[in-house]
Amino acid sequence: KADAARMGSKNRGGNRITFFEEQMNAMAARRLELETHLRRAIANNEFELYYQPVMDISDDTVYAAEALLRWHSAELGFVPPVEFIPVAEETGLIVDIGEWVVGAVQEQLQRWQQARVTDIRVSLNVSARQFHSEDSARGLLKVLAAGGTDRITVELTESALVNDAPGSDIFFNGIRELGVHVALDDFGTGFSSVGYLRDFEFDVLKIDKSFIDSICEVRDHGLVASIVAMGRILGMRVIAEGVEDEAQLLQLRQIGCDFVQGYFYARPLPLAEFEEFLQNRSQQQVAG
Ligand code: C2E
Ligand code: CA
Ligand code: CA
């Protein structure tokens, strides 16, 4: 119990007093349960990728898709990423899971190309833990090198840049050599240090949903407009995340943001539904 309380302090940045509470046992038990089943998830074929369209605001065409992981556990049922990704990161299981994601995206890109369905880009999320050690960084690069590098974008959050992990340099130099695009995810949260933009050239900037939520307010409208302007000057593509209604879309149009992603257009979709979405869009294009 003392150990659970200590972890409670540690998880909130340390240097504080935490008393043991009964719910900590429940949380620890849930975590252990997730970890146990997560270990078998790849072998049991329990992962699936959903695809969320990223739209070109100027003509409503699909510019790209973000691949988002879904876990249908045989024992636990559906577990959302916000619950299992942190466990996968803490336990290091994210290294294997992340390699599975890359492989699945590559296979999908190849199938689409062969069937001439689409040639859009696909972005995938990478956690800092996946290139923490030199070994894991090299492993991930090796998997990426297997194909699709001209159409894959890797999404990283700032926290992936903050900690100067042993594998960081290897990973960042490696993805540049492969020609994989890199997006800075959740921009505006965390430290949002402009220093990161100086130290590393991102191809894409994704403005966090929290700014889009309140874009109809003057201050946040100004902030989003500034981020879009900055992105443009620095030669990045800017994507607004979490666009849920038309009012937000109109604001983004007015600001001149080029790409949007969010429930207003589509939720992350299972493969078949995503392909349907693509087909409907291209028919609209031909018709219109
Ligand atoms: P993220 O990378 O910021 O992904 C965007 C999240 O916002 C997704 O949640 C998506 O479903 C959700 N979203 C998109 N549009 C809207 C909207 O209009 N409204 C609202 N309320 N939400 C919207 P999801 O799929 O649950 O993923 C959560 C997080 O889990 C992701 O955040 C990402 O950090 C992580 N994640 C997901 N798949 C992977 C993966 O394959 N690898 C790694 N390392 N992390 C992943
Ligand atoms: Ca993302
Ligand atoms: Ca995001």
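Residues numbered from 1 in each chain as written. Chains lettered and ligands numbered in written order. Predicted model: local features only at pLDDT ≥ 70, side-chain atom pairs only at ≥ 80, totals over all residues. Heavy atoms only, no water.

Colleague: Describe the overall build of the protein chain, naming the residues involved and giving the relevant values.
Modeller: A tally of helices and strands in the protein chain yields 12 helices and 10 strands. The C-alpha radius of gyration of the protein chain comes to 20 Å, within 12% of the 19 Å expected for a compact globule of 288 residues. Projected onto its principal axes, the C-alpha positions of the protein chain cover 65 × 45 × 35 Å. Taken across its 288 residues, the protein chain has 47% of its residues classed as buried. Considering only contacts in the protein chain between residues 6 or more positions apart, those separated by 24 or more positions represent 66%. (Helix = DSSP H or I, 4+ residues; strand = E, 2+ residues; numbered from the N terminus. Rg over C-alpha atoms; globule rule 2.2 N^0.38 Å. Buried < 20%, exposed > 50% of the residue type's maximum accessible area, 1.4 Å probe, protein only. Contact = heavy atoms within 4.5 Å.)

Colleague: Requested: an account of the side chain of K206, with residues and values cited.
Modeller: Looking at the secondary structure, you find K206 in strand 7 (residues 204-207). By relative accessible area, which is 1% here, K206 ends up buried. Reaching out from K206, the side chain makes a polar contact with the side chain of E66 at a distance of 2.9 Å. Setting aside chain neighbours within four positions, we find K206 in contact with E66, E155, L184, D185, D186, F187, I239, E241 and Q261. (Polar contact = N/O pair within 3.5 Å; in protein donor to acceptor, adjacent residues only side chain to side chain.)

Colleague: I'd love a proper account of the coordination of the calcium ion (ligand 3), names of residues and values included.
Modeller: Ideal values for angles at a metal depend on the geometry: 109.5 degrees with four tetrahedral donors, 90 or 180 degrees with six octahedral donors. Summarising the metal site, the calcium ion (ligand 3) is bound by the protein donors D185 (OD), D186 (OD), E241 (OE) and E241 (OE), whose distances to it range over 2.2 to 2.5 Å. Under the relative-accessibility criterion, E241 is labelled buried at 13%. (Donors = N, O, S within 2.8 Å, 3.2 Å for Na, K, Ca; no water.)

Colleague: Tell me about the coordination of the calcium ion (ligand 2), and please be specific about residues and values.
Modeller: For the calcium ion (ligand 2), the protein coordination sphere consists of E66 (OE), N125 (OD1), E155 (OE) and D185 (OD), at 2.1 to 2.3 Å. In the primary structure, the donors to the calcium ion (ligand 2) are separated according to the pattern E-x58-N-x29-E-x29-D. The two metals, the calcium ion (ligand 2) and the calcium ion (ligand 3), are separated by 4.0 Å and share D185 as a common coordinating residue. Remark: N125 occurs in strand 4 (residues 121-125) and E66 occurs in strand 2 (residues 61-73); sequence separation between them is 59 residues. Its relative accessible area of 33% is what places N125 among the partly exposed residues.

Colleague: Hey, could you go over helix 4 (residues 94-114) for me, with residue numbers and the actual values?
Modeller: It helps to recall that an α-helix has 3.6 residues per turn; residues three or four apart then point in one direction. The end-to-end C-alpha distance of helix 4 is 30 Å, a good match for the 30 Å that 21 residues give at a rise of 1.5 Å each. If you check which residues of helix 4 are buried, you get I94, V95, I97, G98, V101, V102, A104, V105, Q106, Q108, L109 and W112. Two residues or fewer past helix 4, R116 is found with a positive phi of approximately 50°. (Expected span 1.5 Å × (residues − 1).)

Colleague: Would you mind going over the packing of helix 4 against helix 5 (residues 134-144) in detail, with residue names and values included?
Modeller: Across the interface, helix 4 lies against helix 5 with an axial gap of 9 Å and an inter-helix angle of 15°. Between helix 4 and helix 5, the angle falls in the class roughly parallel. When you trace helix 4 past helix 5, the crossing you get is right-handed. Counted together, V95, E99, V102, G103 and Q106 of helix 4 and S136, G139, L140, V143 and L144 of helix 5 form the full contact between these two elements. For the contact of helix 4 with helix 5, the class distribution of residues is five nonpolar, four polar and one charged. (Axes fitted to C-alpha atoms, helices over the stretch in contact; angles between N-to-C directions. Parallel < 35°, antiparallel > 145°, perpendicular 65-115°, else oblique. Left-handed = near helix turned anticlockwise from the far one by under 90°. Nonpolar A, V, L, I, M, F, W, Y, C, P; charged D, E, K, R; others polar.)

Colleague: Residues and numbers for the packing of helix 10 (residues 218-233) against helix 11 (residues 246-255), please.
Modeller: At a minimum axis separation of 10 Å, helix 10 and helix 11 run at an interaxial angle of 45°. If you check the angle between helix 10 and helix 11, you find them oblique. Helix 10 and helix 11 meet at a crossing whose hand is right-handed. Where helix 10 abuts helix 11, its residues H221, V224, A225 and V228 lie against Q251, L252, Q254 and I255. Grouping the constituent residues of the contact of helix 10 with helix 11 by class yields five nonpolar, three polar and no charged.

Colleague: Requested: an account of the side chain of S127, with residues and values cited.
Modeller: Looking at the secondary structure, you find S127 in the loop between strand 4 and helix 5. Taking relative accessible area as the criterion, S127 reaches 13% and is therefore assigned buried. A distance of 2.6 Å separates polar atoms of two side chains, one belonging to S127 and the other to E89. For S127, the residues in contact, after removing those within four places along its chain, are I85, E89 and I94.

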